[in-house]
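# Remarks on the overall topology
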Amino acid sequence: MKTGLIRAAALTVPAIAGALLLAAPATPRAAQTSTDTVLPGYWEYTTSAVGVRDTEQKCVRPSEINRFFGGLSTRRWTCTYPVRQVGNGNARFEGTCTDRRGRRVNVRLNGTYQRESFTFRGGAQLARGTPYLPASITARRISANCPANAEYF
């Protein structure tokens, strides 16, 4: 059982960490247009969980900022966050992510953000009653403009 849980963690947690980046805490839509959010542009983000690191670069349009920083579910995970606290450069949220097969994990993250970067630390709980496995997400805006071959968010 323990080996199976470790194997599941090694395969699942990196995807969850990526989902957590894209499912960062949301603020009401009106607040998203204020200076208390991240800027559009070319972003690089790194997820780290269970010793596995993954770095991606995406172009985020102005119309996508709310999705990028405000609670997106990814292709693999659908996430909801009943606990969302974002403001004054600090963010905290707790919720659940479910994959297409119905597997569900609890997530917790908190950290700081600025208009061109953010860092969240926390974890994912793969099964009820088990400890949260460490995860982190760091992101930085590389530039205001995206290269011609950029992948869009």
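Residues numbered from 1 in each chain as written. Predicted model: local features only at pLDDT ≥ 70, side-chain atom pairs only at ≥ 80, totals over all residues. Heavy atoms only, no water.

Helices and strands together make up the secondary structure of the chain, namely 3 helices and 7 strands. Mapped in sequence order, the helices and strands of the chain form the string α-α-β-β-α-β-β-β-β-β. In the chain, which comprises 153 residues, the share counted as buried stands at 46%. Partitioning the intrachain contacts of the chain with sequence separation of at least 6 by distance along the chain shows that 57% fall at a separation of at least 24. Carbon and sulfur atoms make up 50% of the accessible area of the chain, which amounts to about 8,400 Å² in all. (Helix = DSSP H or I, 4+ residues; strand = E, 2+ residues; numbered from the N terminus. Buried < 20%, exposed > 50% of the residue type's maximum accessible area, 1.4 Å probe, protein only. Contact = heavy atoms within 4.5 Å. Areas by Shrake-Rupley, 256 points an atom, 1.4 Å probe, with all protein chains shown as cover.)

What follows covers the nonpolar core. By size, the foremost hydrophobic cluster in this structure holds 23 residues, and its most contacted members are Trp43, Phe68 and Phe118. Contributing elements (two or more residues each) for this core: β1 (41–49), α3 (65–69), β3 (77–87), β4 (90–99), β5 (104–114), β6 (117–125) and β7 (133–143). For this core, the element with the highest residue contribution is β5, accounting for 4 residues. (Core = buried A, V, L, I, M, F, W, Y, C linked by side-chain atoms within 4.5 Å.)

Here we come to the confidence of the model for the chain. The predicted model of the chain has a mean per-residue pLDDT of 75, with 70% of residues at 70 or higher. Model confidence for the chain, summarised as mean pLDDT per element, is weakest for helix α2 (residues 29–32) at 38 and strongest for β6 at 91. Predicted confidence for residues 1–33 stays below pLDDT 50, and this span has 83 contacts to residues more than four positions away or in other chains. (pLDDT = per-residue confidence, 0-100.)

This paragraph deals with the state of the cysteines. Covalent bonding between the sulfur atoms of two cysteines defines a disulfide. What the rule picks out here adds up to 1 disulfide. Paired through a disulfide, cysteine 59 and cysteine 146 show a sulfur-sulfur distance of 1.9 Å. An S-S torsion of about 85° defines the bridge between cysteine 59 and cysteine 146 as right-handed. With a gap of 87 residues between them, cysteine 59 in strand β2 (residues 52–60) and cysteine 146 in the segment after β7 connect regions that are remote in the sequence. A relative accessible area of 24% places cysteine 146 in the partly exposed class. (Disulfide = S-S within 2.5 Å.)

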